[in-house]
Amino acid sequence: LAKTTQPISMDSYEGQEVNITCSHNNIATNDYITWYQQFPSQGPRFIIQGYKTKVTNEVASLFIPADRKSSTLSLPRVSLSDTAVYYCLVGDTNAGNMLTFGGGTRLMVKP
Amino acid sequence: DAMVIQNPRYQVTQFGKPVTLSCSQTLNHNVMYWYQQKSSQAPKLLFHYYDKDFNNEADTPDNFQSRRPNTSFCFLDIRSPGLGDAAMYLCATSSGTAYNEQFFGPGTRLTVL
């Protein structure tokens, strides 16, 4: 069974806010939610991590509802350079705390 | 700058010919990972080292082996590459558990002829 579920792809335009939602119905009490960004032919890059409520950094915000069964990555005012694949990961305590990459969301930002 | 370095960036090998990919890090992280990423797919964890302790994922084929001679270096050995092993191989490091941020190298793209 998939650990996380994300939309396969999303389109946006420059300057818009983009929200990518990830479902993780089986999240465990000790699991954290982490998002990575990957550009073509590069390794993934950490964006943000959270456990509950809201986390914000210079790149993005992460919204996590009280039941923690989903999370939303929010990218403010995207630019063309934000075109990438975004992965939502949930800590898998059954696998010794190793993170498993799900399918990812391919975000295309258009001019 | 501290970083994760992978060499070579592109590797071509022949079917069945052993190949070794290398990874080095200047972050002094105690955990190092190897991922396989095929085209249009998510990275898939092959194994990781927590210090000197090797941890193999259950579904990683025996054809894949790894060595970590010291903190800075980690190698991925593919004993008999098949056509299905053509992929991007990503090395990553973290300090402590996987909950901590993983720093990825640029990857080595392996072609099997």
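Scroll up to find the structure this text is about.
Since this is a predicted model, take the numbers as computed values, not measurements.

Engineer: Just checking my understanding: could you explain the overall build of chain A for this structure?
Structural biologist: Tallying secondary structure elements over chain A gives 0 helices and 10 strands in all. Each helix and strand of chain A, ordered N terminal to C terminal, gives the series β-β-β-β-β-β-β-β-β-β. Split into buried and exposed, the 111 residues of chain A put 43% on the buried side. Counting contacts in chain A only where the partners sit at least 6 residues apart, residues at least 24 apart contribute 55% of the total. With the model as given, the accessible surface of chain A reaches about 5,600 Å², and the carbon-plus-sulfur share is 50%. When the 9 positive and 8 negative side-chain charges of chain A are each reduced to one mean point, those points stand 4 Å apart.

Engineer: Where do I start with the sheet that holds strand E7 (residues 70-75) of chain A in this structure?
Structural biologist: In sheet architecture, strand pairing relies on hydrogen bonds along the backbone and comes in two forms, parallel and antiparallel. Residue and element names in this part refer to chain A. Taken in spatial order, the 4 strands of this open sheet run E2-E7-E6-E5, and their pairing is antiparallel. Unpaired on one side and paired on the other, strand E2 (18-23) and strand E5 (53-56) mark the two borders of the sheet. The average angle at which neighbouring strand axes cross in this sheet is 15°, direction not considered. Pairing of E2 with E7, which is carried by 6 bridges, proceeds in the antiparallel orientation. Bridge assignment links Val 18 to a residue of E7, and that residue is Leu 75.

Engineer: Looking at this structure, I do not really get the pairing of strand E6 (residues 61-64) of chain A. What am I missing?
Structural biologist: A regular strand places its side chains so that they alternate between the two faces of the sheet. All names here are of chain A. Sheet analysis places E5 next to E6, joined by 4 bridges and oriented antiparallel. In the sheet register, Lys 54 faces E6, and the bridge partner there is Phe 63. Pairing of E6 with E7 involves 3 bridges; the strand directions are antiparallel. From the neighbouring strand, Leu 62 faces E7, where its bridge partner is Leu 73. Connecting E6 to the antiparallel partner E7 that follows it, the hairpin turn spans 5 residues, and Arg 68 within it adopts a positive phi of roughly 60°.

Engineer: Even after reading the chapter, I still don't get the layout of surface pockets, so can you show me in this structure?
Structural biologist: If you roll a probe as big as a water molecule over the atoms, it shows you where there is empty space left. Considered as a void within the structure, the largest pocket measures approximately 500 Å³ in volume. Around the largest pocket, the lining is made up of 28 residues, and of these Val 85, Tyr 87 and Arg 106 of chain A together with Gln 37 and Ser 40 of chain B lie nearest the centre. Listed by contribution, the elements that provide at least two residues to the lining of the largest pocket are strand E8 (84-92) and strand E10 (105-110) of chain A. With 4 residues, E10 of chain A is the largest single contributor of residues to the lining of the largest pocket. Residues belonging to the lining of the largest pocket are distributed by class as follows: 10 nonpolar, 15 polar and 3 charged.

Cut-offs used in this document
Residues numbered from 1 in each chain as written. Chains lettered and ligands numbered in written order. Predicted model: local features only at pLDDT ≥ 70, side-chain atom pairs only at ≥ 80, totals over all residues. Heavy atoms only, no water. Helix = DSSP H or I, 4+ residues; strand = E, 2+ residues; numbered from the N terminus. Buried < 20%, exposed > 50% of the residue type's maximum accessible area, 1.4 Å probe, protein only. Contact = heavy atoms within 4.5 Å. Areas by Shrake-Rupley, 256 points an atom, 1.4 Å probe, with all protein chains shown as cover. Lys, Arg positive; Asp, Glu negative; His and termini not counted. Charge placed at Lys NZ, Arg CZ, Asp CG, Glu CD. Pairing = 2+ DSSP bridges. Axes fitted to C-alpha atoms, helices over the stretch in contact; angles between N-to-C directions. 1 Å grid on protein atoms, 1.4 Å probe; cavity = no way out; pocket = protein on both sides within 12 Å on 5 of 7 lines; lining within 4 Å. Points joined across faces, edges and corners; volume = space filled by probe spheres on them. Nonpolar A, V, L, I, M, F, W, Y, C, P; charged D, E, K, R; others polar.

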